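So you can see what is in the structure, the chains are spelled out below.
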Amino acid sequence: MMISINIDGRTVQTDAGSTVLRAASAAGIRIPTLCYLKDYNEIGACRMCVVEVEGARGLQASCVLPVSEGMVVRTDTELVRKARKAVLELLVSNHPLDCLTCEKNGDCRLQDYCYEYEVKESPYTGRRSEALPDDSNQFWVRDNSKCILCRRCVAVCAALQCSDAIGLAGRGFETRVAVPGEGLLAASRCVSCGTCIANCPTGALMPKLPQKARTWERTKARTICPYCGVGCELFLVTKGNRILEALPSNGPANNGMLCVKGRFGYDYVAHTDRLTVPLIRKNGELQEASWDEALDAVAKGFKAIAAAHGPDAVAGLSSARCTNEENYLFQKLLRAGIGTNSVDHCARLCHASTVSGLAATLGSGAMTNSINEVLQSDLIFVTGSNTTETHPVIGSKIRQAVQRGARLIVAEPREIELVEQADLFLKIRPGSNVALFNAMMQVIIAEGLQNTAFIDDRTENYAELAELVRDWTPEVAAPVCGVEPELIRQAARLYAQAERASIYYAMGVTQHSTGTDGVMSVANLAMLCGQIGREGTGVNPLRGQNNVQGACDMGALPGDYPGYQKVSDPAVRQKFEAAWGQTLSERPGLTLTEMLPQAGSGQLKALFVMGENPMISDPDLTHVEQSLRKLELLVVQDIFLTETAALADIVLPAASAVEKDGTFTNTERRVQRLRKAVNSPGKAWPDWQILSGLLQRFGLPADYKSPSNIMDEIARVTLVYGGINYARIEHRGLQWPCRDAADPGTKYLHSERFSRGLGKFMPAAYRDSNELPDSKYPLLLTTGRILYQYHTMTMTGRVPGLMKISGTSYIEIHPDDARAAGIADGDRVEVQSRRGRLQARARVTAKLSPGVVFMPFHFGDGAANLLTNPALDPTAKIPELKVCAVQVRVAGGRQAAAGGEVTAGVDNKVGGSR
Amino acid sequence: MKRLQNLADLQAAAAVTEAAASVQVPHGRLRVLVGMATCGIAAGASPVLDVFRSEVQARGLGNVQVLSTGCIGACRLEPMVEIRAADGSRVTYVKLDAAKAARIVQEHLVEGRVVDEYTIGKEDHRPQSDHIQQARSLEATSFFGRQFRIALRNCGLIDPESIGEYIARDGYAALGKALLKMTPVQVIDVIKQSGLRGRGGGGFPTGRKWEFAAAQSGPLKYVICNADEGDPGAFMDRSVLEGDPHSVLEAMAIAGYAIGAAQGFIYVRAEYPLAVQRLGLAIRQAREAGLLGDNILGSGYGFDVQLRLGAGAFVCGEEIALITSIEGQRGEPKPKPPFPAIKGLWQKPTVINNVETLANIPVILLKGAAWFTAIGTPKSPGTKVFAVGGKIGITGLVEIPMGTTLREIIYDICGGIPGGKRFKAAQTGGPSGGCIPAQHLDTPIDYESLTALGSMMGSGGLIVMDEDNCMVDIAKFFLDFTVDESCGKCPPCRIGTVRMHEILQRITAGEGREGDLEQLEELAGNIKLASLCGLGQTAPNPVLSTLRYFRDEYEAHIRDKRCPAASCRALVRYEIDPERCCSCGLCVQSCPVAAIHGSKGKPYLITRDYCIACGACAAKCPFTAIHKH
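Worth saying up front: this structure is predicted, and the values here are computed from it rather than measured.

Q: Where do I start with the overall build of chain A in this structure?
A: Each helix and strand in chain A was counted, giving 29 helices and 39 strands. In terms of overall dimensions, chain A is globule-like: its C-alpha atoms have a radius of gyration of 29 Å, near the 29 Å expected for 914 residues. Each principal axis of the C-alpha atoms in chain A carries an extent, and together these give about 85 × 70 × 70 Å. When each of the 914 residues of chain A is scored for burial, the buried share is 65%.

Q: Looking at this structure, I do not really get the overall build of chain B. What am I missing?
A: Counting secondary structure elements, chain B contains 26 helices and 17 strands. The globule rule puts the C-alpha radius of gyration for 629 residues at 25 Å, and the 27 Å found for chain B is close to it. Along the first, second and third principal axes, the C-alpha set of chain B runs to 85 × 65 × 40 Å. Residues counted as buried form 62% of the 629 residues belonging to chain B. At a minimum sequence separation of 6, the contacts of chain B that also span at least 24 residues come to 69%.

Q: Just to check I follow, could you spell out the nonpolar core for this structure?
A: Within soluble globular proteins, side chains that are nonpolar generally end up buried alongside one another. Grouped together as the largest cluster of nonpolar side chains are 133 residues, with contacts concentrated most on Phe-302 and Leu-652 of chain A. Looking at which element gives the most residues to this core, the answer is helix H7 (residues 291-309) of chain A, with 8 residues. Other than its neighbours up to four places away in sequence, Leu-652 of chain A contacts Trp-291, Ala-294, Leu-295, Val-298, Phe-608, Val-635, Val-636, Gln-637, Asp-638 and Ile-690 of chain A. By size, the runner-up hydrophobic cluster in this structure holds 82 residues, among which are Leu-7, Ala-37, Leu-179 and Ala-258 of chain B.

Q: Which parts of the structure should I look at to understand the packing of helix H8 (residues 324-338) of chain A against helix H25 (residues 687-697) of chain A?
A: Geometrically, a packed helix pair is captured by the angle between its two axes and the distance between the axes. Residues and elements named next belong to chain A. Put simply, H8 and H25 touch, their axes get as near as 9 Å, and they point 25° apart. The orientation of H8 with respect to H25, classified from their angle, is roughly parallel. With respect to the hand of their crossing, H8 and H25 are arranged in left-handed fashion. Together, Glu-326, Leu-329, Phe-330, Lys-332 and Leu-333 of H8 and Asp-687, Trp-688, Leu-691, Ser-692, Leu-694 and Leu-695 of H25 make up the contact between the two elements.

Q: Mind showing me how you'd approach the interface of chain B and chain A here?
A: Many analyses report the size of an interface as the accessible area lost when the parts associate. Across the contact, 32 residues belong to chain B and 35 residues belong to chain A. With both sides pooled, the region where chain B packs onto chain A buries about 2700 Å², and carbon together with sulfur makes up 55% of that total. It is Arg-494, Arg-499 and Leu-529 of chain B in chain B that bury the most area against chain A; as a group they hold 23% of the surface buried on that side. The interface formed by chain B and chain A contains 3 salt bridges. Ionic pairing is found between Glu-485 of chain B and Arg-171 of chain A, a salt bridge with its closest N-O pair at 3.0 Å. Applying the counting criterion to the chain B and chain A interface returns 15 residue pairs in polar contact (both at pLDDT 80 or more). Within the residue set of the side of chain B that touches chain A, elements represented by two or more residues are helix H20 (471-485), helix H21 (491-508) and helix H22 (516-530) of chain B. With 8 residues, H21 of chain B is the largest single contributor of residues to the side of chain B that touches chain A. Of the residues contributing to the side of chain B that touches chain A, the split by class is 14 nonpolar, 7 polar and 11 charged.

Q: What am I meant to see in unusual backbone geometry here?
A: Excluding glycine, residues mostly have negative phi values, and the peptide bonds linking residues are mostly trans. Here Trp-736 of chain A and Pro-737 of chain A are connected by a cis peptide whose omega angle stands at 0°. In this model, Lys-336 of chain B is joined to Pro-337 of chain B through a cis peptide bond whose omega is -5°. Although it is not a glycine, Leu-97 of chain A sits at a positive phi angle of roughly 50°. Mapped onto the elements of the fold, Leu-97 of chain A is located in the loop between helix H2 (78-93) and helix H3 (109-116).

Q: Just checking my understanding: could you explain the state of the cysteines for this structure?
A: Covalently bonding the sulfur atom of one cysteine to the sulfur atom of another cysteine gives a disulfide. The final tally for this structure, using the stated rule, is 0 disulfides over all chains. Cys-346 of chain A provides the cysteine sulfur closest to Cys-322 of chain A, a residue in no disulfide bond, and the two sulfurs are 10 Å apart. Assessed through its relative accessible area of 0%, Cys-322 of chain A is described here as buried. Cys-611 of chain B forms no disulfide, and the closest cysteine sulfur to it belongs to Cys-617 of chain B, at a distance of 6.4 Å.

Q: Just checking my understanding: could you explain the pairing of strand E32 (residues 779-784) of chain A for this structure?
A: Walk down a regular strand and you will see the side chains alternate between the two sheet faces. Residues and elements named next belong to chain A. Burial analysis of E32 places 6 of its 6 residues in the buried class, the great majority of the element. Inspection of the sheet shows E32 paired to strand E39 (residues 884-890) by 3 bridges, in the antiparallel sense. Its bridge partner lying in E39, Leu-781 is registered against Cys-884. With 5 bridges joining them, E32 and strand E36 (residues 852-856) adopt parallel strand pairing. Across the sheet, the residue bridging to Thr-783 is Met-855, located in E36.

Q: Help me out: how do you make sense of the pairing of strand E13 (residues 461-466) of chain B in this one?
A: Residues and elements named next belong to chain B. Of all the 6 residues making up E13, 5 are buried; the element is thus mostly covered by neighbouring parts of the structure. Judged from the 4 bridges that link them, strand E9 (residues 383-390) and E13 form a sheet pairing that is parallel. Within the sheet, the bridge partner assigned to Ala-387 lies in E13 and is Gly-461.

Q: Even after reading the chapter, I still don't get the packing of aromatic side chains, so can you show me in this structure?
A: For any pair of aromatic rings, geometry is given as the distance between the ring centres together with the angle between the planes. All names here are of chain B. Scanning the entire structure with this criterion turns up 28 aromatic pairs over all chains. Taken together, a centroid distance of 6.4 Å and an interplanar angle of 45° make the contact between Phe-148 and Trp-371 tilted. With Phe-148 in the loop between helix H7 (142-145) and helix H8 (163-168) and Trp-371 in helix H17 (residues 369-373), this residue pair connects regions lying 223 residues apart in the sequence. Classification of Phe-148 as partly exposed rests on a relative accessible area of 32%. Accessibility expressed as a relative area gives 24% for Trp-371, which makes it partly exposed.

Q: Which parts of the structure should I look at to understand the layout of surface pockets?
A: To locate leftover empty space, one rolls a probe as large as a water molecule over the atoms. Of the pockets and cavities examined, the second largest pocket occupies roughly 1600 Å³. Lining the second largest pocket are 40 residues, with Tyr-40, Glu-42 and Ile-43 of chain A together with Gln-329 and Lys-334 of chain B sitting closest to its centre. Of all the elements in the fold, those that place two or more residues in the lining of the second largest pocket are helix H4 (152-159), strand E7 (167-169) and helix H12 (392-403) of chain A together with helix H15 (319-326) of chain B. Examining the composition of the lining of the second largest pocket, we find that 4 residues originate from one element, H4 of chain A, more than from any other.

Q: When you look at the sheet that holds strand E11 (residues 233-239) of chain A in this model, what are you seeing that I'm missing?
A: In a beta sheet, neighbouring strands are held together by backbone hydrogen bonds and run either parallel or antiparallel to one another. Residue and element names in this part refer to chain A. In space, the 3 strands of this open sheet follow the order E10-E11-E12, with antiparallel pairing throughout. In this open sheet, the two strands that pair with only one neighbour each are strand E10 (219-224) and strand E12 (242-248). Each strand of the sheet is rotated relative to its neighbour by a mean of 30°, with strand direction disregarded. Direction of pairing for E11 relative to E12: antiparallel, over a ladder of 6 bridges. Bridge assignment links Phe-235 to a residue of E12, and that residue is Leu-247.

Q: I keep staring at the pattern of salt bridges and nothing clicks. Help me out?
A: Two side chains bearing opposite charge may form a pair once their charged atoms approach each other closely. On inspection of all chains with the given rule, the structure shows 88 salt bridges over all chains. Across the pair Arg-278 of chain B and Glu-161 of chain B runs a salt bridge, and its minimum N-O distance is 3.2 Å. Of the two residues, Arg-278 of chain B sits in helix H14 (residues 273-288) while Glu-161 of chain B sits in the loop between H7 and H8, which places them 117 residues apart along the sequence. According to the relative accessible area criterion, Arg-278 of chain B is buried, its value standing at 3%. What makes Glu-161 of chain B partly exposed here is its relative accessible area of 29%. Counted as one network, the salt bridges with shared partners bring together Arg-222, Glu-233, Asp-661, Arg-673, Arg-675 and Glu-730 of chain A.

Q: What exactly am I supposed to notice about the side chain of Thr-405 of chain B here?
A: When you line up the elements, Thr-405 of chain B lands in the loop between strand E10 (396-401) and helix H18 (406-413). Among residues more than four places away in sequence, those in contact with Thr-405 of chain B are Leu-441, Asp-442, Thr-443, Pro-444 and Ile-445 of chain B.

Q: Explain the domain arrangement of chain B here, please?
A: Residue and element names in this part refer to chain B. One can read the domain layout of chain B as domain 1 (14-141), domain 2 (171-372), domain 3 (383-469), domain 4 (472-559) and domain 5 (573-628). Here domain 2 and domain 4 have C-alpha centroids that lie 34 Å from each other. Counting residues at the interface gives 13 residues for domain 2 and 9 residues for domain 4. Carbon and sulfur atoms supply 73% of the area that domain 2 and domain 4 bury against each other, a total of about 920 Å² over both sides. Taken as a group, Pro-232, Phe-314 and Pro-333 account for 50% of the area that domain 2 buries against domain 4, more than any other trio of residues on that side. Applying the counting rule to domain 2 against domain 4 returns 0 salt bridges. Of the residues in the side of domain 2 that touches domain 4, the class split is 6 nonpolar, 3 polar and 4 charged.

Q: Teacher, can you tell me more about helix H13 (residues 433-446) of chain A here?
A: Note: α-helices contain 3.6 residues per turn, so residues at a spacing of three or four share the same orientation. Spanning 14 residues, H13 of chain A covers 20 Å between terminal C-alpha atoms, matching the ideal 20 Å at 1.5 Å per step. A large share of H13 of chain A lies buried, amounting to 12 of its 14 residues.

Q: When you look at the sheet that holds strand E14 (residues 285-288) of chain A in this model, what are you seeing that I'm missing?
A: Residues and elements named next belong to chain A. Spatially, 7 strands are ordered E14-E13-E27-E26-E25-E15-E16 in an open sheet, and the strand pairing comes out mixed. For this open sheet the edge positions go to E14 and strand E16 (343-344), each flanked by a neighbour on one side alone. Here 5 bridges tie strand E25 (residues 606-610) to strand E26 (residues 633-638), and the two strands are oriented parallel to one another. Residue Phe-608 lies in a different strand from E26, and its bridge partner there is Val-635. Running over the sheet, H7 touches strand E13 (279-282), strand E15 (314-317), E25, E26 and strand E27 (650-653) and is turned about 135° from E27.

Calculation notes
- Residues numbered from 1 in each chain as written.
- Chains lettered and ligands numbered in written order.
- Predicted model: local features only at pLDDT ≥ 70, side-chain atom pairs only at ≥ 80, totals over all residues.
- Heavy atoms only, no water.
- Helix = DSSP H or I, 4+ residues; strand = E, 2+ residues; numbered from the N terminus.
- Rg over C-alpha atoms; globule rule 2.2 N^0.38 Å.
- Buried < 20%, exposed > 50% of the residue type's maximum accessible area, 1.4 Å probe, protein only.
- Contact = heavy atoms within 4.5 Å.
- Core = buried A, V, L, I, M, F, W, Y, C linked by side-chain atoms within 4.5 Å.
- Axes fitted to C-alpha atoms, helices over the stretch in contact; angles between N-to-C directions.
- Parallel < 35°, antiparallel > 145°, perpendicular 65-115°, else oblique.
- Left-handed = near helix turned anticlockwise from the far one by under 90°.
- Buried area = accessible area lost by both parts, 1.4 Å probe.
- Salt bridge = Lys/Arg side-chain N within 4 Å of Asp/Glu carboxyl O.
- Polar contact = N/O pair within 3.5 Å; in protein donor to acceptor, adjacent residues only side chain to side chain.
- Nonpolar A, V, L, I, M, F, W, Y, C, P; charged D, E, K, R; others polar.
- Disulfide = S-S within 2.5 Å.
- Pairing = 2+ DSSP bridges.
- Phe/Tyr/Trp six-rings, centres within 6.5 Å; stacked < 30°, edge-to-face > 60°.
- 1 Å grid on protein atoms, 1.4 Å probe; cavity = no way out; pocket = protein on both sides within 12 Å on 5 of 7 lines; lining within 4 Å.
- Points joined across faces, edges and corners; volume = space filled by probe spheres on them.
- Domains from an automatic or database assignment.
- Expected span 1.5 Å × (residues − 1).

In structure tokens, the structure reads:
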């Protein structure tokens, strides 16, 4: 309902539930504020926003004052100004007033208002808050002497990030922002997301910048985070060609939040390890070359091998870290230039089973709903995802949803952070997902909780599903999953009976030899309950790399042209032949997981790797290296000399994500603009320019002026990107499907009908993992990611702050298993599987169940993938990275363990694909 | 007690309890009431109670009933014991200890002779109140006799740990009447007509508060009893909670019925362990008797109460801070509106009343609005309990009709200023209030007149100051309290009060400068103007009111570096009168800093540079030769 109030003599129409501050702001009337933070900190504390209201006693804080019909407000009277000035005079009486050297000078609200209200200094003398700055955090300093206690930091930590790491201690003049127990920030729950410092109006929270920079020396570029698939929008702040920091933007995916990596993980960009010139191996050594030499050599090499052994002797690994435009050009080069469909990328290792499993059931292998819809869910079911560490901003949004009353079920082998908020925690054995889902569906059907109308109208093959799950009672599933039957029942009921239930999953479901079955079971469960096709519901795979969705969309897959148009479909092939002016191969290409064995067996002769590092990321690394060494020609295009690049014949130096324009497609299918913030080092080129140079050498027209031209070409050949161009995505991006210029994009999929028409139940019987613990290898190893590292650490391994927080490989082991093996917390242990062995530090923790051990996979030193099992899912060809059998024992006695620590540092070779 | 199903059960219970000799002492029996409130216990009442209990048992005195009761209000005279006989006679013994108690058992209980020298009149030797000396019982004293007790009606008379005794004194009758014979609207009407105003200090009409909350729709509403009494020197609420806990529970249930709430919370400070314990017991008893819980007295209405303990923050007495504290957050005020009656606890309509306000409710409901409005003044009907302290004959609790003058309280009821000193000012309203000087002693006390004098009613602290009190120091004392107790949320209160305090500190240290008073006034004005809650908005009051009435004292400190009351140490100097000094040397021995020297036969001298003005020498001097200037 709209009402009208009078502000400063003007009649202002406003929503009846609004506040005076909001109404004034909407009407363009500015009221000063220090503590106000819309939606998160409306507490009336700072007293700067006070106004006079006719008929009301005293002054009122406009940020919390509800409007009422006919209200008469004055925002700038003498009394109001007097009160504001008094507040400022008191604040600066307890402030160092060291503006001359303060890094915040010029960007400080306190300073701005003192200027406006002509507060030169305080009329009051007296004591000041004295506290030594807390500089224990790797990335910023808290200096409480500059704190005005506006509490915006506390509010965003509690309500946005949901960490509750900081709060207020003391009272009166002694009030201060502190961590519980008043220790150091570094020893608290703080996850260094930096949301607090982005919201500090003074210099109390200041980032530790690589160099000093006055406000007016800084430039901001609005772009997308180079890390995970959430696709957070941010501002890269630069001075000259140096990135100082990133500031969160109010982007559609992140709403003012970032995680520690996106906020502070940029030291790699200007790192001296960056590749700056093309390198060609001559006499066994990589030697500098010109771009023309290098590109000619690449073209000549691929052409020669294709001519000698056929085009399928060449394959390419595209990159989930490169832009859509670059992925498009890469697969075009392989398909139209070289003539092979053997193009793939690391999605094979993470969500290949999502693509296959969801395509079979729903018809489209992407996140069905949008990130922000999690806030509309009544029930959130998280499984196979350590969301707060791998997709921190989505993790925070899940916590926000729980704060607002949503219920949360977590099914995970480890007691992850989200368990704290969970209503139900099912501590499942790794690899038992299908059994769990089938049992939940058994309960739902047995108790009549399924959505019959939805099943009848929207799906097919229900009878087969009902038949398959009929005997999978919770009692049958319980020993398989390691979970009490009652918990399974409760989870099933909560999920089925919720008004809007959403499922969030990641690699805990996909990285199995039964990954496709797991994904199909998730889809089955959602369709069974009709928890799909509406806001706040859905099946939501969380994609790992910043552009893994885009790389898939762009056809960096052996069976798909851009937009999932099938290579096997002759009509489609003809369309692309016409578009690209070349005859295209009808032979199916190799997947990533097939390329390496074929290289090993000698069938594959040449490999073009763009921004990937199979030497760390793939299972069974020993075998990966042997295979790569057998290639006749290995070309690697990257920003660092990764473990893989070190084996290459030709190395092409590329621009990092902050050095080029382009687009990324995030996990919610949103195509967003990437904007150049700094120049590349040396002669490094953006990948799209390198690829253009190669395309031209293969006789393909490629005189693209900018990535925008490439996107226009993509839109012409890719139905679901048909309506996307740079002008349209300038501000908020667009979510595909977006078929034409009038299409506003798609917030959630499958609303009226599924992508494949009817949703198809694909019942999947439970199968054991390929390798299970036995007497020789008695422990089940599962792998995963951690907050402070990213993928193979190419970038994060060169960020000293991140390395200091979490820089070495470790293995988590249950106290029972540790005791049995004589392992103490912190011991250096040797971990061995049938494929390899490594050393890591033991962390003894009851977060796991007995019999299960966990390792992060990032570290080059103690690389978990030396151990993992390359057994593949038959459909998706994804390897079973999540389950293998290992033995763990103390490495070389205690003495050696204490003295022999190897720290993967910035100076160590901790490479990886970007 | 068995569950009471209806009104008849309640009446029967009252009769049974009376018959069981609790309140009306039956023929041939004696009832010994030992004051066991915190004040009594602190003064040593527990051993006294033990003696009475053990001796009565040991001697087999079957006709004597020994009970503990709450505070009767005369703190200075604790431990107190009252012995009542069936004929209605009462004897009040004061300042007891175990030995005196044993003697009373022997002489009074066994031999039937009153031990006159321990009775209230004899013990309380004060020249101004000769009439008291004749009094054997508290009731006969002017201290008690001139009071009018509504809120304190049962304190010191009943055993607070017995629901039966409360019921026997019409307890829960008002609840029964409300639930079974009145509609919620009628209940609110009576309270509105009574003109009862909030006794926590704000003075907002209670009936209107209830009416606002009642008008809100929605199934969830709450009643909160604000028992977070925090003013320095105030202990009215504690006495009610310790001495008559059921009166609060009954009133909360009535309030709940009136507004449509089913749940109440008592927010009581953890520093009141005895109150917490007695409230807990009272809640259990009331639940057992069916006076809390479902379907009270067969009315179909249900109400229950839970305790929430405060952790010692003064600001949690502010209603919103109190609510946020109950919600489990840091206890801090928020701007109003919205008021709690609209959006209170967990955003639900909430009535929040203080203990004394609630204690009035059952009586008003039973006796009617007209009875209540006949007491007090037209704008401030009823009574007010004051906790009188400072330079006063009888410190303690007094409940007087509104409109009573300060002079009556100080001189007629509480026995005037001891030591023949001159009255200087009375401080009311705690740290939010102000000082009232002698020229206003005859002002009738009510909400408006106190505010007009620059003070306020507040929760009822009344501190009396005599000529030895420095008003600058007094202002500093109260500000010191606010500085400590500010929650720190808004800058005016958080920083402004500190700045004011620093200026006062300077002035009392003899370092005041021209312009200080103007800056104090400017700051005070800004703090009042810009602070978020009542605490900050009233924090400057003690300074402003002393500036108003005692500006010359401030000026003496600043300009003449002199403390007229000779209280501020930095401005006080001690001198030895050579005429009176007999050079005995005691002063030299008592001086902790060796500032006095001299030799036999000559007057001693104090070296001013060394003297720390502790006053030890003056206290020791047998010839009163040492004077403070």
